Amino acid sequence: MARATDTAYDAVRRMILSGEAAAGSRLGEAELAETLGLSRTPVREALQRLGADGLVEVLPHRGARVVQWTRRDLEEIFELRSLLEPYAAARAARLAPGEDVLADLLGQCDAMEAAVAAGDLPRVARLNSLFHAAVIDASRNRRLPAMLTSVMHAPLIVGTFRRYDAGEMARSMNHHRELVAAMAAGDPDWAESVMRAHIRAAAANLTHDANEAEAER
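Report follows, based on the coordinates. The shown structure was predicted, so the numbers you read here are calculated from the model rather than taken from an experiment. (Residues numbered from 1 in each chain as written. Predicted model: local features only at pLDDT ≥ 70, side-chain atom pairs only at ≥ 80, totals over all residues. Heavy atoms only, no water.)

### Considerations on the sheet that holds strand β3 (residues 63-66)
Two modes of strand pairing occur in sheets, parallel and antiparallel, and in both the strands are linked by backbone hydrogen bonds.
Stage number 1. Spatially, the three strands line up as an open sheet ordered β1-β3-β2, and their pairing is antiparallel. Either end of the sheet is taken by a strand with one partner, and the two such strands are β1 (26-27) and β2 (56-59).
Stage number 2. By the bridge criterion, four bridges tie β2 to β3 in an arrangement that is antiparallel. Note that in β3 the partner of Val56 across the bridge is Val66.
Stage number 3. Sheet contacts for helix α3 (residues 40-53): β1, β2 and β3; angle to β2, the most-contacted strand, approximately 120°. (Pairing = 2+ DSSP bridges. Helix = DSSP H or I, 4+ residues; strand = E, 2+ residues; numbered from the N terminus. Contact = heavy atoms within 4.5 Å. Axes fitted to C-alpha atoms, helices over the stretch in contact; angles between N-to-C directions.)

Shown next, in the form of structure tokens:
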């Protein structure tokens, strides 16, 4: 059962993060079980786990749906990210990550840019998540990953990269490379400022779109 629950969890999480399951859409147990070729019990347990992750809202007697964030939600999320991730980047630079860590980060930059060129935005989003997680790991603060888990999901669900024009996408990719350069130079102030600019740029893009969406409702 545990393996079936993990399978359901991974599959539904991918659907959400790729945008296949849109924000606010219903996640029916029966439909998901049929699609995934599983019974309803592991699907139900997977939805509960996704609820704990902050990706799914489980409503009593009404089933589950993908969480939909308001402008205020996004502002709060990015306020937390703009405090924690620049700190993580500065700490990572100060601790001088090894050549293997820097090489992995540059490899992720290469892969992200290739995915951008191919128009594979779900892959861009997945690689972006891995890149940010690697920077946080490089900070060697054991508490940061848990603190950032829920807020790191949000921009993927609302489709950060689907909203970027070509210039915004190029800026985001350049931020990644500049951040690696700052870490390689062991310059915490530089790393912190690049990460803060990166987060604020994403926040401005998403909250602007959230304002427009709320105005239309």
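### A word on the side chain of Thr5
Stage number 1. Mapped onto the elements, Thr5 comes out in helix α1 (residues 2-18).
Stage number 2. Each residue touching Thr5, except ones within four places of it in the same chain, is listed here: Pro42, Glu45, Ala46 and Arg49.

### Concerning the packing of helix α2 (residues 29-36) against α3
Stage number 1. The geometry of α2 relative to α3 is characterised by a closest axis approach of 9 Å and an angle of 115° between their N-to-C directions. Considering their axes alone, α2 and α3 lie roughly perpendicular with respect to each other. In this structure, the crossing between α2 and α3 has a hand that is right-handed. When α2 is examined against α3, the residues Glu29, Ala30, Leu32 and Ala33 are found in contact with a partner set consisting of Arg40, Val43, Arg44 and Leu47.
Stage number 2. Across the contact of α2 with α3, the residue classes tally to five nonpolar, no polar and three charged. (Parallel < 35°, antiparallel > 145°, perpendicular 65-115°, else oblique. Left-handed = near helix turned anticlockwise from the far one by under 90°. Nonpolar A, V, L, I, M, F, W, Y, C, P; charged D, E, K, R; others polar.)

### Some words on α2
Stage number 1. All of the buried residues along α2 are Glu29, Leu32 and Ala33. Buried positions in α2, seen along its axis, are confined to an arc of 100° and lie on one side of it. The exposed residues of α2 that point more than 90 degrees off its buried face are Glu34 and Thr35.
Stage number 2. Tucked inside the fold, the buried residues of α2 contact α1, β1 and α3.
Stage number 3. Directly after α2, the chain includes Gly37, whose backbone phi takes a positive value near 70°. (Buried < 20%, exposed > 50% of the residue type's maximum accessible area, 1.4 Å probe, protein only. Arc of directions from axis to C-beta.)

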